[in-house]
Amino acid sequence: RSEAETSGVPSAEQTQEPEEFIYVHVCGQVVSPGVYQLLKGSRVYEAVAMAGGCTEQGAPDCLNMAQELTDGMKIQVPDQETADGFWKNRRQEPE
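Residues numbered from 1 in each chain as written. Predicted model: local features only at pLDDT ≥ 70, side-chain atom pairs only at ≥ 80, totals over all residues. Heavy atoms only, no water.

Trainee: What exactly am I supposed to notice about the pattern of salt bridges here?
Mentor: Any two side chains of opposite charge can pair, on the condition that their charged atoms come close. The tally for this structure, following the rule as stated, stands at one salt bridge. The partner of glutamate 20 in a salt bridge is lysine 40, and the shortest N-O contact between them spans 3.7 Å. Linking glutamate 20 in the loop between α2 (12-15) and β1 (21-28) with lysine 40 in the loop between β2 (34-39) and α3 (44-50), this pair joins segments that are 20 residues apart in sequence. With a relative accessible area of 46%, glutamate 20 lands in the partly exposed category. (Salt bridge = Lys/Arg side-chain N within 4 Å of Asp/Glu carboxyl O. Helix = DSSP H or I, 4+ residues; strand = E, 2+ residues; numbered from the N terminus. Buried < 20%, exposed > 50% of the residue type's maximum accessible area, 1.4 Å probe, protein only.)

Have a look at this one:
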(Lines give C-alpha, C1' and ligand atoms only; values in the text may rest on other atoms or scores of the structure.)
Protein backbone atom coordinates (compact mmCIF):
# COMPACT_ATOMS: atom_id res chain seq x y z
CA ARG A 1 0.00 0.00 0.00
CA SER A 2 1.20 3.50 -0.80
CA GLU A 3 1.67 6.21 1.81
CA ALA A 4 -1.38 8.11 0.44
CA GLU A 5 -3.55 5.00 0.80
CA THR A 6 -2.47 4.39 4.38
CA SER A 7 -2.53 8.03 5.49
CA GLY A 8 -6.07 8.67 4.28
CA VAL A 9 -4.88 11.56 2.09
CA PRO A 10 -6.03 11.12 -1.52
CA SER A 11 -3.25 10.93 -4.07
CA ALA A 12 -3.10 13.30 -7.06
CA GLU A 13 -4.47 10.50 -9.28
CA GLN A 14 -7.51 10.09 -7.02
CA THR A 15 -8.32 13.83 -6.85
CA GLN A 16 -7.86 14.65 -10.55
CA GLU A 17 -11.24 15.23 -12.17
CA PRO A 18 -11.83 13.67 -15.58
CA GLU A 19 -11.66 16.14 -18.47
CA GLU A 20 -15.07 17.22 -19.75
CA PHE A 21 -15.56 17.89 -23.43
CA ILE A 22 -18.09 19.91 -25.40
CA TYR A 23 -18.90 19.93 -29.10
CA VAL A 24 -19.34 23.11 -31.14
CA HIS A 25 -20.21 23.74 -34.79
CA VAL A 26 -17.91 26.28 -36.43
CA CYS A 27 -19.05 27.49 -39.85
CA GLY A 28 -19.15 30.42 -42.23
CA GLN A 29 -15.92 32.11 -43.19
CA VAL A 30 -13.44 29.68 -41.64
CA VAL A 31 -10.87 27.51 -43.40
CA SER A 32 -12.28 24.14 -42.25
CA PRO A 33 -15.93 24.34 -41.13
CA GLY A 34 -17.15 21.46 -39.00
CA VAL A 35 -17.96 20.11 -35.56
CA TYR A 36 -15.10 20.29 -33.08
CA GLN A 37 -14.46 18.76 -29.67
CA LEU A 38 -13.01 21.17 -27.12
CA LEU A 39 -12.45 21.14 -23.39
CA LYS A 40 -15.27 22.54 -21.30
CA GLY A 41 -14.42 26.16 -20.52
CA SER A 42 -12.86 26.83 -23.94
CA ARG A 43 -13.43 30.16 -25.69
CA VAL A 44 -14.69 31.19 -29.13
CA TYR A 45 -11.19 32.10 -30.33
CA GLU A 46 -10.04 28.53 -29.64
CA ALA A 47 -12.88 27.04 -31.69
CA VAL A 48 -12.17 29.39 -34.61
CA ALA A 49 -8.48 28.45 -34.42
CA MET A 50 -9.35 24.74 -34.49
CA ALA A 51 -11.31 25.42 -37.68
CA GLY A 52 -8.17 26.81 -39.28
CA GLY A 53 -8.90 30.46 -38.55
CA CYS A 54 -10.92 32.92 -40.58
CA THR A 55 -10.73 33.20 -44.34
CA GLU A 56 -9.70 36.48 -45.97
CA GLN A 57 -13.40 37.32 -46.39
CA GLY A 58 -14.18 36.61 -42.72
CA ALA A 59 -15.18 39.31 -40.23
CA PRO A 60 -14.03 37.95 -36.86
CA ASP A 61 -14.57 41.32 -35.15
CA CYS A 62 -18.31 40.55 -35.20
CA LEU A 63 -17.71 37.73 -32.73
CA ASN A 64 -16.94 37.93 -29.03
CA MET A 65 -13.75 35.88 -29.18
CA ALA A 66 -13.53 35.78 -25.38
CA GLN A 67 -16.99 34.22 -24.90
CA GLU A 68 -17.00 30.86 -23.14
CA LEU A 69 -18.37 28.06 -25.29
CA THR A 70 -21.31 25.88 -24.37
CA ASP A 71 -22.04 22.37 -25.60
CA GLY A 72 -23.93 22.38 -28.90
CA MET A 73 -23.10 26.01 -29.69
CA LYS A 74 -22.93 27.21 -33.30
CA ILE A 75 -20.30 29.80 -34.19
CA GLN A 76 -20.87 31.39 -37.58
CA VAL A 77 -18.17 33.72 -38.84
CA PRO A 78 -19.83 36.18 -41.23
CA ASP A 79 -18.22 37.58 -44.36
CA GLN A 80 -17.22 41.25 -44.40
CA GLU A 81 -20.15 42.28 -46.62
CA THR A 82 -22.70 40.72 -44.25
CA ALA A 83 -20.97 42.29 -41.27
CA ASP A 84 -20.90 45.73 -42.91
CA GLY A 85 -24.63 45.47 -43.66
CA PHE A 86 -25.38 44.43 -40.09
CA TRP A 87 -23.53 47.40 -38.59
CA LYS A 88 -24.98 49.81 -41.15
CA ASN A 89 -28.54 48.71 -40.29
CA ARG A 90 -27.86 49.05 -36.56
CA ARG A 91 -26.66 52.64 -36.96
CA GLN A 92 -29.72 53.80 -38.87
CA GLU A 93 -32.24 55.83 -36.90
CA PRO A 94 -35.74 54.34 -36.59
CA GLU A 95 -38.28 56.24 -38.66
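Trainee: Please clarify how the sheet that holds β1 should be interpreted in this entry.
Mentor: Spatially, β2-β1-β3 is the arrangement adopted by the three strands of the open sheet, whose pairing is mixed. Single-partner strands in this sheet number two, and they are β2 and β3 (74-77). Pairs of neighbouring strands in the sheet enclose a mean axial angle of 30 degrees, with direction left out of account. By the bridge criterion, four bridges tie β1 to β3 in an arrangement that is parallel. Each residue of the ladder has a partner; that of cysteine 27, found in β3, is glutamine 76. (Pairing = 2+ DSSP bridges. Axes fitted to C-alpha atoms, helices over the stretch in contact; angles between N-to-C directions.)

Trainee: I would appreciate a short explanation of the side chain of serine 42 in the present structure.
Mentor: Note on placement: serine 42 falls in the loop between β2 and α3. Among the polar contacts made by the side chain of serine 42, one reaches the main-chain carbonyl oxygen of leucine 39 at a distance of 2.6 Å. In this view, serine 42 contacts Gln67, Glu68 and Leu69; residues no more than four positions away in its chain are not counted. (Polar contact = N/O pair within 3.5 Å; in protein donor to acceptor, adjacent residues only side chain to side chain. Contact = heavy atoms within 4.5 Å.)

Trainee: Quick question: what am I supposed to make of a nonpolar patch on the surface here?
Mentor: A surface patch of nonpolar side chains, about 380 Å² in accessible area, is lined by Phe21, Tyr23, Val35 and Leu39. Of all elements in the fold, only β1 and β2 reach the threshold of two or more residues within the nonpolar patch. Relative to the elements of secondary structure, leucine 39 occurs in strand β2. (Patch = residues over 30% accessible without salt bridge, like charges linked within 9 Å, V, L, I, M, F, W, Y side chains within 5 Å. Areas by Shrake-Rupley, 256 points an atom, 1.4 Å probe, with all protein chains shown as cover.)

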